[in-house]
Each structure stands twice: as C-alpha cells, then as structure tokens.
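# Working through the structure, step by step
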Amino acid sequence: MIRVFLVDDHPMVVEGVKALLGGLDTLEIAGAAGSGREAVERLAQQPADVALVDINLPDMSGIDLCKDLKSRFPKMRILALSTFKERSYITRMIEAGASGYLLKNASAEELEEAVLTAAGGRLYLSMEAAETLTQTSAAPALPLLTQREKEVLSLIAEGLTNGEIADKLFISPLTVDSHRKNLLAKFGVRNTAAMIKYALEYRLL
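Quick look at the structure, then. (Residues numbered from 1 in each chain as written. Predicted model: local features only at pLDDT ≥ 70, side-chain atom pairs only at ≥ 80, totals over all residues. Heavy atoms only, no water.)

## Here's the deal with the overall build of the chain
To be explicit about the condition: A run of H or I in DSSP counts as a helix once it spans at least four residues, and a run of E counts as a strand once it spans at least two, with each numbered from the N terminus. Atoms counted for the radius of gyration: C-alpha only. Globule rule: 2.2 Å times the number of residues to the power 0.38. Burial classification: accessible surface area is computed with a 1.4 Å probe over protein chains only, and a residue below 20% of its type maximum counts as buried, one above 50% as exposed, and the rest as partly exposed. In this description, contact between two residues means that some pair of their heavy atoms is separated by no more than 4.5 Å. Accessible surface is estimated by sampling points in the Shrake-Rupley manner with a 1.4 Å probe; for residues, cover comes only from the protein chains shown.
Across its full length, the chain holds 10 helices and 6 strands. The C-alpha atoms of the chain give a radius of gyration of 17 Å, which matches the 17 Å a tight globule of 205 residues would have. Taking the principal axes of its C-alpha atoms as reference, the chain extends roughly 55 × 40 × 30 Å. By residue count, 46% of the 205 residues in the chain fall in the buried class. Taking the intrachain contacts of the chain between residues at least 6 apart in sequence as the baseline, contacts between residues at least 24 apart amount to 65%. With an accessible surface of roughly 10,400 Å², the chain has 53% of that area assigned to carbon and sulfur atoms.

In structure tokens:
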C-alpha cells in the first residue's frame, strides 16, 4: 500500500480526494494538512510515500513547500494538485523537486496512475500540463490573473505594503502575501521589481 498525504486548505477538496482514493486497493490516506507548516509537522510524525500538494496555501506557496519537504523527506515523492495550469507553475514545481503535476479535475483513475508513477520514481504530467509545456509561441504566454490578483498587482505597483493593501481591500495581510507569492509564481520571477517590470512591459498594469 502506498501512503498518500494531502496538503490543501479547502476541506471539500481534501474530502473529495479522500473519497476518490478511498476505494482503491493500492493506496491509503496517511493524513492531511491545511497549511505548509502543518504538513511539515504531521509528516514528521506520520511519514508518507507520496504527498499531493496544492500550489496555493495560506502560509506559503506549494513551490516553497515542495522544496522544504524534499529537503526534510528526500525519499517522499511530491505531486502538485492544482487548478492552475500556467507554464510557470508547472516548471517551477518540477524544478523544486516535484515528481509530477495534475489538475484538480483529475479522475480517481488518473490520481491513482499519478501516485503509482511518482512512487515508482517516474515523472507524471496530466494531459493539460503536458500540453502547456509543449506549446510553442513567438510571444510569451501571458499569465491569467484573477480579478483580485489584478487588484493586488496594481496596488503593489503603487508601492503599497502588504498591510496597506490589506486595509484597502478589506482582507488579511496573510491573504495579500499569498496573492503576492501567487503572482510571483505566475510571472515566473523571483522578486517584486521583476514582476512589475514584466507587468508593465506586457501592459498588464
């Protein structure tokens, strides 16, 4: 039996994945966590063979968590399970040490195949993720931003701090920080200055 650990802050997603995998003879759910910090703590107590990790977590990005988990538990395989299929997310997760990438609309059969593939030491990419990576274009594929991400990006470009943005949008500073990390990942850059330069260059501001 392959032990699978889930990292996602949406209880409905966790319960849905548990339901999909619960009837399979090859896998068992080792546990779940709603944040990166919680995942590290629980995995230290209840080891798993494969972790399904969401990209968007409340305290850190799935990319950063993937790096941390690979450092702490090098034998554990990590699969990204996300709603995002932008090239930057996929490539950064793989670079961080992930053994694959699939979307949250995956069927039980695909989830099982992905987990078995990763546990066997091979890379698994969903059809959508593979298509994204193989697409070629003269112009770079612009990231798809949510309305809230556009608002946060605009305020970041104005020089506002996380706290100031939080006050202006009536959300928590932690949520702002999560949006900021998501934007950096979507743009495929490492810092705010590069993100703003990219956004201005391609008229996203």
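Resuming the write-up.
## Focus on the packing of helix H7 (residues 147-157) against helix H10 (residues 192-201)
Inclusion rule: In this description, a line fitted to the C-alpha atoms serves as the axis of each element, helices being fitted only across the stretch in contact, and the angle between N-to-C directions of two axes falls anywhere from 0 to 180 degrees. We call two directions roughly parallel when the angle between them is under 35 degrees, roughly antiparallel when it is over 145, roughly perpendicular when it lies between 65 and 115, and oblique otherwise. Gly counts as polar in this scheme, as do all residues outside two lists: the nonpolar Ala, Val, Leu, Ile, Met, Phe, Trp, Tyr, Cys and Pro, and the charged Asp, Glu, Lys and Arg.
Axis separation between H7 and H10 bottoms out at 10 Å; the angle between their running directions is 110°. With respect to their mutual orientation, H7 and H10 come out roughly perpendicular. Where H7 approaches H10, its residues Leu153, Ile156 and Ala157 are matched on the opposing element by Thr192, Met195, Ile196 and Ala199. Across the contact of H7 with H10, the residue classes break down as 6 nonpolar, 1 polar and no charged.

## Re the nonpolar core
Note the following rule: Nine residue types can take part in a nonpolar core, namely buried Ala, Val, Leu, Ile, Met, Phe, Trp, Tyr and Cys, and a core is a set of them joined through side-chain atoms within 4.5 Å.
Residues Leu65, Leu69, Met93 and Tyr101 are the most contacted members of the largest nonpolar core, which totals 29 residues. Taken together, the elements giving at least two residues each to this core come down to strand S1 (2-7), helix H2 (36-45), strand S3 (50-53), helix H3 (62-72), strand S4 (77-82), helix H4 (87-95) and strand S5 (100-103). Considering each element in turn, this core owes the most residues, 4 residues, to H3. Leaving out residues up to four positions away in the same chain, Tyr101 has contacts with Ile55, Leu79, Ala80, Ser82, Phe84, Tyr89, Ile90, Met93, Tyr124, Leu125, Ser126 and Ala129.

## Brief notes about the sheet that holds S1
Let me state the cut-off plainly: When DSSP finds at least two bridges between two strands, those strands are taken to pair.
One open sheet accounts for 6 strands, arranged S2-S1-S3-S4-S5-S6; its pairing is parallel. The open sheet has two free edges, formed respectively by strand S2 (27-33) and strand S6 (124-125), since each of these has just one partner strand. Sheet analysis places S1 next to S2, joined by 6 bridges and oriented parallel. Across the sheet, Ile2 pairs through a bridge with Leu27, a residue of S2. On top of the sheet, H4 reaches S4, S5 and S6; it is set at about 145° to S5, its chief contact.

## Considering the environment of Leu133
With respect to the helices and strands, the residue Leu133 is situated in helix H6 (residues 127-134). What Leu133 contacts, discounting residues up to four positions off in sequence, is Arg87, Ile90, Thr91 and Leu125.

## Focus on the packing of aromatic side chains
Stated precisely, the cut-off is as follows: Note on aromatic pairs: the rings of Phe, Tyr and Trp (six-membered ring only in Trp) are paired at centre separations within 6.5 Å, and the planes decide the class, stacked below 30 degrees, edge-to-face beyond 60, tilted for the rest.
This model, assessed by the stated rule, comprises 2 aromatic pairs. Seen from their ring centres, Phe84 and Tyr89 are 4.8 Å apart, and the 15° between their planes marks the pair as stacked. The exposure class assigned to Tyr89 is buried, which follows from its relative accessible area of 0%. For the pair Phe187 and Tyr198, a centre-to-centre distance of 5.1 Å together with 55° between the ring planes defines the contact as tilted. Residue Phe187 is located in helix H9 (residues 173-187), and its partner Tyr198 is located in helix H10; the two are separated by 11 residues in the primary sequence. For the pair Phe187 and Tyr198, a shared accessibility class is recorded, and that class is buried.

Any functional reading would require information that these geometric values do not contain.
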